[in-house]
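# Fold and geometry: a report
The chain contents come next:
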Amino acid sequence: MRVIVVGAGVVGTMHAWHAVKRGHEVVQIERESEARGASLRNFGQIWVSGRAGGEELETALRARELWESLGERVPGLGFRACGSLTPVRTARETAVAEAAVARPDAAARGYKLLTAGEARAINPALRGDFAAALWCERDAAVEPRTAQLALKQELLASGRYTYLGGREVREVVGTASVRDDHGDVHTGDAVVLATGAWLGGLVRELAGPDLPVRRVRLQMMQTDPLGEPLTTSVADADSFRYYPAYRGEALDALNTGQAQTPTAAEHRMQLLMVQRRDGGLTIGDTHEYEHPFSFDTVEEPYEHLTAVVESFLGRPLPRIRRRWAGVYAQCTDTTRVVHRQEVRDGVWLVTGPGGRGMTCSPAIAETTANELGW
Ligand SMILES: Cc1cc2nc3c(=O)[nH]c(=O)nc-3n(C[C@H](O)[C@H](O)[C@H](O)COP(=O)(O)OP(=O)(O)OC[C@H]3O[C@@H](n4cnc5c(N)ncnc54)[C@H](O)[C@@H]3O)c2cc1C
């Protein structure tokens, strides 16, 4: 079988991976010379903690297994089973963490409510002031700026994989057949369009104007090396407000009884933080839903995040070295893990995994491979 994958982000690359692993030939076509979209701009969090119970959690747990075994084979992914800590300070925040550890699926996530001392034993860099912390043992991390490139090298070594960068796919020209902007036609037994948040152009022509997927923009930053290990990922209690796992009476009480700071509320913020292999910290994020998106990054969210991080670390943040924004595609029905649609004979669009696309992509691609009988 020959599979044509359009898009070299993590979703496309994981489809290529499963097809090659099953003995098929793959041609992967990317508009840029290398991917430059959400898959490189993200935290690299393999984030199990906040997932909704049921299909979403099962997908994330399966994906984490796949990331771990891939990480053993491809060290360039930088996979590490670091877990995460969400420090809490107030009674309302603590109540949300207590409700989380009382969930029937808490053990599958590796949730535990730790005292501040126990949390510091796991992550000594957290010298700031907090009362307790929600530990999620299943959370993990990879290096997003290099993961796709490392996977590509491994795929090239298979001898069954061709990468075509700098080519935009413009047209479907027959069953499982596409034409790129060099005029070349690529024919396979299946085409997967893993085109991320590019919802106009070809995708709009094929899927129509009512594609149930929207775009979301986030602001991020990265610091100079911290000078010490941050052994776990770290989130703040505002993150409880955004993830379905925490929904319930305790979260309602947090939302009604404890306001976010005005900056955090205006930019729909939470703190997520993970250490890169060079020691720097990737820190975010904001959420912007209304179009047109800002073309610039604004400073207030960075000031807010800096204050939150410094309060957890109990020390000044190193210099901010990079600031950027990224856009992901999210199913408008956010309970859906992904939008997978056969848009023409043998041509499948796979988009909309939202803020969990880096986490879930290995399992999303595995499901595509199973459903298409690869
Ligand atoms: C700032 C930020 C932080 C995030 N953090 C996390 C996180 O920590 N954990 C997590 O699980 N998820 C996270 N996400 C979400 C995750 O990054 C995305 O869901 C995921 O990367 C989507 O992957 P993709 O391959 O679908 O899209 P992309 O990475 O955008 O890749 C799509 C590719 O298709 C190419 N393309 C598009 N059209 C064509 C065409 N016609 N021809 C050829 N090529 C084309 C594009 O150039 C692009 O390279 C985050 C997202 C952002 C923006």
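Just so it is clear, the model here is predicted, and its values are computed rather than measured.

Here we come to the overall build of the protein. Looking only at helices and strands, one finds 12 helices and 19 strands in the protein. Over its C-alpha trace the protein gives a radius of gyration of 21 Å, about what one expects of a compact globule, namely 21 Å for 374 residues. Oriented by its inertia axes, the alpha-carbon framework of the protein measures out at about 60 × 40 × 40 Å. Within the protein, the proportion of its 374 residues that are buried is 59%. Pairs at least 24 apart in sequence give 75% of the contacts found in the protein among residues at least 6 apart.

Here we come to the layout of surface pockets. One number sums up the size of the second largest pocket: a volume of about 230 Å³. Contributing to the lining of the second largest pocket are 16 residues, with Arg-89, Glu-93, Asp-236, Asp-238 and Gln-258 lying nearest its centre. Among the elements that take part in the lining of the second largest pocket, helix H11 (residues 300-313) stands out by supplying 4 residues, more than any other. In the lining of the second largest pocket, the residues fall into 5 nonpolar, 6 polar and 5 charged.

Before going further, it helps to spend a moment on the site of the ligand. Surveying the vicinity of the ligand reveals 38 residues, the closest of which are Glu-30, Ser-39, Gln-45, Gly-354 and Thr-359. Separating a nitrogen atom of the ligand from a backbone N or O atom of Arg-31 is a distance of 3.0 Å. At 2.6 Å, a backbone N or O of Thr-359 approaches an oxygen atom of the ligand. Computed on the free molecule, the ligand has an accessible area of 1000 Å², of which 97% lies beneath the protein chains in the complex. For the shell around the ligand, the secondary-structure elements that each account for two or more residues are helix H1 (10-21), helix H2 (38-41), strand E13 (213-223), strand E17 (320-331) and helix H12 (357-371). Considered class by class, the residues forming the shell around the ligand number 17 nonpolar, 14 polar and 7 charged. Formed jointly, the shell around the ligand draws a minimum of three residues from each of two domains, domain 1 (1-79 + 140-212 + 336-374) and domain 2 (121-129 + 213-331).

For the coordinates displayed, the defined rule picks out 2 aromatic pairs. Grouped by ring-pair contacts, the aromatic residues Tyr-111, Phe-240 and Tyr-246 constitute a single cluster. Against the face of Trp-324 rests Arg-145, its NZ or CZ located 4.9 Å from the ring centre. Geometry around Tyr-302 places Arg-323 over its ring, the cationic atom sitting 4.8 Å from the centre.

A regular strand carries its side chains on alternate faces of the sheet. Burial along strand E15 (residues 272-275) is two-sided: the face carrying Leu-272 and Val-274 and the face carrying Met-273 and Gln-275 are both buried. Two strands pair when backbone bridges link them, and E15 and strand E16 (residues 281-284) are joined in this way by 4 bridges, in the antiparallel orientation. Its bridge partner being in E16, Met-273 is matched across the sheet by Ile-283. Counting the residues that bridge the hairpin from E15 to E16 gives 5 residues, and of these Gly-279 lies at a positive phi of roughly 95 degrees.

Now for the packing of helix H3 (residues 55-73) against H12. Viewed as axis vectors pointing N to C, H3 and H12 meet at an angle of 90 degrees, and their least axial separation amounts to 7 Å. Between H3 and H12, the crossing angle belongs to the class labelled roughly perpendicular. Residues Thr-59, Ala-60, Arg-62, Ala-63, Leu-66 and Trp-67 of H3 touch H12, and the partners they reach there are Met-358, Thr-359, Cys-360, Ser-361, Pro-362, Ala-363 and Glu-366. In the contact of H3 with H12, the residues fall into 8 nonpolar, 3 polar and 2 charged.

This next bit is on the domain arrangement of the protein. What the domain assignment lists for the protein is domain 1 (1-79 + 140-212 + 336-374) and domain 2 (121-129 + 213-331). Of note, the centres of domain 1 and domain 2, computed from C-alpha atoms alone, are 26 Å apart. Each partner contributes to the interface: domain 1 provides 34 residues, whereas domain 2 provides 30 residues. For the pair domain 1 and domain 2, the two sides together bury roughly 2400 Å², of which 60% comes from carbon and sulfur.

Here we come to the packing of H1 against helix H7 (residues 144-156). Contact geometry for H1 and H7: axes closest at 10 Å, N-to-C directions at 25 degrees. One way to sum up the angle between H1 and H7 is to call them roughly parallel. Like other packed secondary-structure pairs, H1 and H7 cross with a definite hand, here left-handed. Along its contact with H1, which presents Val-10, Thr-13, Met-14, Ala-16, Trp-17 and Val-20, the element H7 presents Gln-148, Leu-151, Glu-154 and Leu-155.

The rules behind the values
Residue positions within a chain follow its written sequence, with the count starting from 1. Only residues with pLDDT of 70 or above have their local features reported here, since the model is predicted, and side-chain atom pairs are shown and tallied only from 80 upward, although totals for entire chains, interfaces and linings are computed over all residues. Hydrogens are left out, water is left out, and the side-chain values use all remaining heavy atoms of the structure. The helix count covers DSSP runs of H or I at least four residues long, the strand count covers runs of E at least two residues long, and both are numbered beginning at the N terminus. Based on C-alpha atoms, the radius of gyration is set beside the globule rule, defined as 2.2 Å times the residue count to the power 0.38. Only protein chains enter the accessibility calculation, which uses a 1.4 Å probe; a residue whose area is less than 20% of its type maximum is buried, one above 50% is exposed, and one in between is partly exposed. The contact rule is simple, with two residues in contact once any of their heavy atoms fall within 4.5 Å. In this analysis the probe radius is 1.4 Å and the grid spacing 1 Å, with only protein atoms considered; a cavity is a set of points the probe fits into but cannot get out of, a pocket is an open set with protein on both sides within 12 Å along at least five of seven lines, and lining residues have an atom within 4 Å of a point. Grid points are joined across faces, edges and corners, and a volume is the space filled by probe spheres set on the points. When residues are sorted by character, Ala, Val, Leu, Ile, Met, Phe, Trp, Tyr, Cys and Pro go into the nonpolar class, Asp, Glu, Lys and Arg into the charged class, and all the rest, Gly among them, into the polar class. Note on terminology: near, applied to a residue and a molecule or strand, indicates that one of the residue's heavy atoms is within 4 Å of it. Throughout this description, a polar contact denotes any pair of N or O atoms lying within 3.5 Å of each other; where both atoms belong to protein, one of them has to be capable of donating a hydrogen while the other can accept it, and for residues adjacent in sequence the pair is counted only when both atoms sit in side chains. Areas reported as accessible are Shrake-Rupley estimates using a 1.4 Å probe. Residue values count occlusion only from the protein chains shown. Throughout the structure description, domain borders are defined by an automatic or database domain assignment. Here is the rule: rings of Phe, Tyr and Trp (six-membered ring for Trp) pair when centre to centre is within 6.5 Å. Planes less than 30 degrees apart are stacked, more than 60 are edge-to-face, and the remainder are tilted. The criterion for a charge sitting over a ring is simple: Lys NZ or Arg CZ within 6 Å of the ring centre, and within 35 degrees of the ring normal. By the convention used here, strands pair only if DSSP detects at least 2 bridges between them. Axis definition: a line fitted to C-alpha atoms, limited for helices to the stretch in contact. Angles are taken between N-to-C directions and run from 0 to 180 degrees. When describing relative orientation, an angle under 35 degrees is termed roughly parallel and one over 145 degrees roughly antiparallel, while 65 to 115 degrees is termed roughly perpendicular and anything else oblique. Two parts placed together each lose some accessible area; with a 1.4 Å probe, that loss summed over both constitutes the buried area. Take the far helix as your reference; a near helix turned counterclockwise from it by less than a right angle gives a left-handed crossing, and one turned clockwise gives a right-handed crossing.

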